[in-house]
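Chain and residue survey
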Amino acid sequence: MSVSINISELKETLELTPSTQNIMLVGKHGIGKSEILTSFFNEKGLKVVTLFLGQMADPGDIIGIPSKVEKQDAAGKATARTDFTPPYWFPQDGQPIVLFLDELNRARPEILQTVMDLTLNRKLAGKALPEGSHVISAVNEGEEYQLTDLDPALVSRFNIYEFKPTVEEWLNWAAGQKLDERVVNFIQDNPTWLDGDPNSKEYKGLDKSADRRAWKHVSDILLKVDTIKDIHKRIIAGIVGVGAAAAFIQSVQQHKVITGKDLLLKYDKTIKTVEKYQLHEYAILNEAIFRYLENAKLNEREKKEAADSLGQYINFLRTKKKREALANFTNIFEKGTYEKAIAFMVVNASSVYDMLNEYVDSLVPASSTSKSKGN
């Protein structure tokens, strides 16, 4: 059984693992492996080269094309040997790269034999990768995939981790990428739909299923759509599947979504709607507020407006006795997941920051406080 890691743990793992050790990520398609790796290493100035091994038909796609090289020795005698012209991706400037071997367990056996030398000696047809280069692979796991069994000797050359990004990590990423709020709020309220159909028992050929990449595609469709019409419903069903599309459309039709941005920058226009919310809707809104503050780039006027609205919202929860909603907001605050949002409160809404800390302290039993002081 592989060790399971999320996005933040993956980044720490990449940071701590030396380039001489290979990493294998096990996980479903569409969960952002390539994007995360590319972003992480590009920030360090390393180029990421992705090879889709499942699409390669010949080892020459990796090691290059053989050619005859003729030379003369000191005595003038002609000699010849076979050399390999490096493939298009092989670094010619001596700078280290990150070689991402995607779909490793979909590759043909002859492709996997080529990978063996690469993973052990960092060489292809006698040519060494520049020192400091990383080799990372990704494999799919599940009965719905057509897979090739991997040789134990090849598997042993990798540190293996099951890559499982959390729903919270995806939601925060989605907010930063400005995905359509209807998609983001649906996944927050229905997280089991993020990585497939929770009601599906087995994969049936061409049945479309939801995944993280697919929800991004849905967002791309809806960003310029105010009213979802029948044609949009059909398009969405073709992206995430009929079950996910039906659940999403029903959710959108039932709820008038107030975004974190709307509440903080249009408080007077939105609070009347918020007053009628049920607890689960407050939970969605609270998370949306933190996500917005975490990712938004606000000018000075917007900072002041957002800080004022945040104070009014917290005061509304207190005076209207929305205790469970306030407790939910405080719980998100206490977790510390949204560091930039909390920093915003420290700088721009200190009264809210102090109030939340006081609320947290009030929830600590007096006996625990006395005990800690006694220690």
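Residues take numbers from 1 onward in each chain, read along the sequence in its written order. Under the rules for a predicted model, residues below a pLDDT of 70 receive no local features and side-chain atom pairs below 80 are neither given nor counted, while totals for whole chains, interfaces and linings still include all residues. Calculated side-chain values reflect all of the structure's heavy atoms, with hydrogen atoms and water omitted.

Turning next to helix H15 (residues 323-335). Because an α-helix completes one turn every 3.6 residues, residues spaced three or four positions apart along the sequence face the same direction. By definition, any uninterrupted DSSP run of H or I lasting at least four residues is a helix, any uninterrupted run of E lasting at least two residues is a strand, and each is numbered from the N terminus. Between the first and last residue of a helix there are one fewer steps than residues, each counted as 1.5 Å, and that sum is the expected span. Taking 1.5 Å per residue as the helical rise, H15 with its 13 residues ought to reach 18 Å, and the 18 Å between its terminal C-alpha atoms agrees with that figure. Note on exposure labels: buried denotes an accessible area under 20% of the residue type's maximum, exposed denotes more than 50%, and partly exposed covers the range between, all computed with a 1.4 Å probe on protein chains only. Where H15 is concerned, the buried positions are Ala325, Leu326, Phe329, Thr330, Ile332 and Phe333. All buried residues of H15 fall inside an arc of 155 degrees around its axis, so they share one side. The outward face of H15, more than 90 degrees from its buried face, is lined by the exposed residues Arg323, Glu324, Glu334 and Lys335. Positive backbone phi, approximately 75 degrees, marks Gly336, located one or two places after H15. The arc under discussion is defined with respect to the helix axis, by the directions toward the C-beta atoms.

Moving on to helix H4 (residues 109-121). With 13 residues, H4 ought to run about 18 Å at 1.5 Å a step, and its terminal C-alpha atoms sit 19 Å apart, in line with that. Looking one or two residues beyond H4, the residue adopting positive phi is Arg122, at roughly 60 degrees.

Patches in this entry comprise residues that are over 30% relatively accessible and not in a salt bridge; like charges within 9 Å are linked, as are nonpolar side chains (Val, Leu, Ile, Met, Phe, Trp, Tyr) within 5 Å. The Shrake-Rupley method, run with a 1.4 Å probe sphere, supplies the accessible areas, and residue values consider only the shown protein chains as cover. Whenever a carboxyl oxygen of Asp or Glu lies within 4 Å of a side-chain nitrogen of Lys or Arg, that contact is scored as a salt bridge. A cluster of nonpolar residues, Ile221, Ile231 and Ile235, forms a patch on the protein surface that exposes about 220 Å² of accessible area. With respect to the helices and strands, the residue Ile231 is situated in helix H9 (residues 230-240). Since its relative accessible area comes to 48%, Ile231 is described here as partly exposed.

Two strands are said to pair when DSSP picks up at least two bridges between them. Reading across the sheet, the six strands line up as S1-S10-S2-S9-S6-S3 and stay open at both edges, with parallel pairing between neighbours. Strands with a single pairing partner mark the edges of an open sheet, and in this sheet they are strand S1 (3-5) and strand S3 (47-52). For this sheet, the mean inter-axis angle between neighbouring strands, taken without regard to orientation, is 30 degrees. Both S3 and strand S6 (residues 97-102) contribute to a ladder of six bridges, which runs parallel. Following the sheet pairing, Val49 is matched in S6 by Leu99. The contact criterion used throughout is that any non-hydrogen atoms of two residues lie within 4.5 Å. Helix axes are fitted to C-alpha atoms over the stretch in contact, other axes to C-alpha atoms as well, and angles between N-to-C directions run from 0 to 180 degrees. Packed onto the sheet, helix H1 (residues 7-16) meets S1, strand S2 (22-26), strand S9 (134-139) and strand S10 (158-163) and runs at close to 110 degrees relative to S1. Helix-sheet contacts for H4 involve S2, S6, S9 and S10, and the interaxial angle to S6 is about 145 degrees.

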